[in-house]
Amino acid sequence: MVLIAAPAFALSAEYRILPNGTSFQGEIEVKNAERYQFTESGMLGEKIPVQVTGVSLAGNCFPCCFTWQDRSTISFPAGNYTVRFTGIVRDNHLVVAYPEQYNVTMVIPEGLDVRSRFLGMISPGGEVSESKDGNLVVTWKETRSAEVRYYPPERENLLIWFGQFWVIIAVVLLLPFFLMRSRKE
């Protein structure tokens, strides 16, 4: 899923993948904004509206109110706010993109991982650290986009089994070649 924040300008953004790995909670700071649009990027880079739930707005107001302009855009009085929402993650892959540079943090819950280059991925500039509670924290400084693909531990076990299987096949296929070669010498 690609989520694009536009045209509001975020100072920082945080995304927490929920323990089931199928959804996330987002929190984005916006400055001097009057609206916020939830979209993802299509195959050709076009903006596609995204359905999100649990949208809330926080700032120097109580309560902070917003109105829905359409399915994917909220509007509010101009100012500095924090927009919170819940979105869906497809195929264990989360991509966010912005029109300006942002500081982005993605929190991956314990039990999911991104560190294997064969199974997971982190876009350039992302730094991984582990928090005290076992979560992985991936951070980007001043980036226009951030991307993670995470995986459960079962996939790592399958990769190891797959690798071992092909090593055994290679040995079985190459053993006759080496045996015949040693007989000729």
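For the structure itself, look to the data block above.
Thresholds applied
Residues numbered from 1 in each chain as written. Predicted model: local features only at pLDDT ≥ 70, side-chain atom pairs only at ≥ 80, totals over all residues. Heavy atoms only, no water. Helix = DSSP H or I, 4+ residues; strand = E, 2+ residues; numbered from the N terminus. Buried < 20%, exposed > 50% of the residue type's maximum accessible area, 1.4 Å probe, protein only. Contact = heavy atoms within 4.5 Å. Areas by Shrake-Rupley, 256 points an atom, 1.4 Å probe, with all protein chains shown as cover. Salt bridge = Lys/Arg side-chain N within 4 Å of Asp/Glu carboxyl O. Core = buried A, V, L, I, M, F, W, Y, C linked by side-chain atoms within 4.5 Å. Patch = residues over 30% accessible without salt bridge, like charges linked within 9 Å, V, L, I, M, F, W, Y side chains within 5 Å. Disulfide = S-S within 2.5 Å.

Considering the overall build of the chain
Assigned secondary structure in the chain consists of one helix and 11 strands. Element order for the chain, N to C, with α for helix and β for strand: β-β-β-β-β-β-β-β-β-β-β-α. Burial analysis of the chain (185 residues in total) assigns 39% to the buried set. At a minimum sequence separation of 6, the contacts of the chain that also span at least 24 residues come to 67%. Carbon and sulfur atoms make up 57% of the accessible area of the chain, which totals about 11500 Å².

Quick look at the side chain of S72
The topology assignment puts S72 in the loop between β6 (67-70) and β7 (73-88). Using a relative accessible area of 2% as the deciding quantity, one classes S72 as buried. Excluding residues that lie within four positions of it along the chain, S72 makes contacts with Y36, Q37, F38, P49 and V50.

Concerning the pattern of salt bridges
Tallied over the entire structure, the rule returns five salt bridges. Where R84 meets E27, a salt bridge forms, and the shortest distance between an N and an O atom there is 3.0 Å. Residue R84 is located in strand β7, and its partner E27 is located in strand β3 (residues 23-41); the two are separated by 57 residues in the primary sequence. The class for R84 is partly exposed, based on a relative accessible area of 33%. Across the pair E130 and R115 runs a salt bridge whose closest N-O atoms are separated by 3.7 Å.

So, the nonpolar core
The biggest cluster of nonpolar side chains holds 35 residues, and the ones touching the most others in it are Y15, Y36, F85, V104, M106 and I108. In terms of residue count, the dominant contributor to this core is strand β8 (residues 93-108) (seven residues). Once residues lying within four places of it in the same chain are set aside, the contact partners of I108 are I17, D113, V114, N135, L136, V138, V148 and Y150.

Re a nonpolar patch on the surface
Judged by side-chain polarity, V167, V171, L175 and L179 come together as a nonpolar surface patch covering roughly 350 Å² of accessible area. Inspection of the secondary structure assignment puts L175 in helix α1 (residues 153-184).

Some details on the state of the cysteines
Put plainly, a disulfide is one covalent bond tying together the sulfur atoms of two cysteines. Tallied over the entire structure, the rule returns one disulfide. Between C61 and C64 runs a disulfide, and the two sulfur atoms are separated by 1.8 Å. A torsion of 115 degrees about the S-S bond marks the disulfide between C61 and C64 as right-handed.

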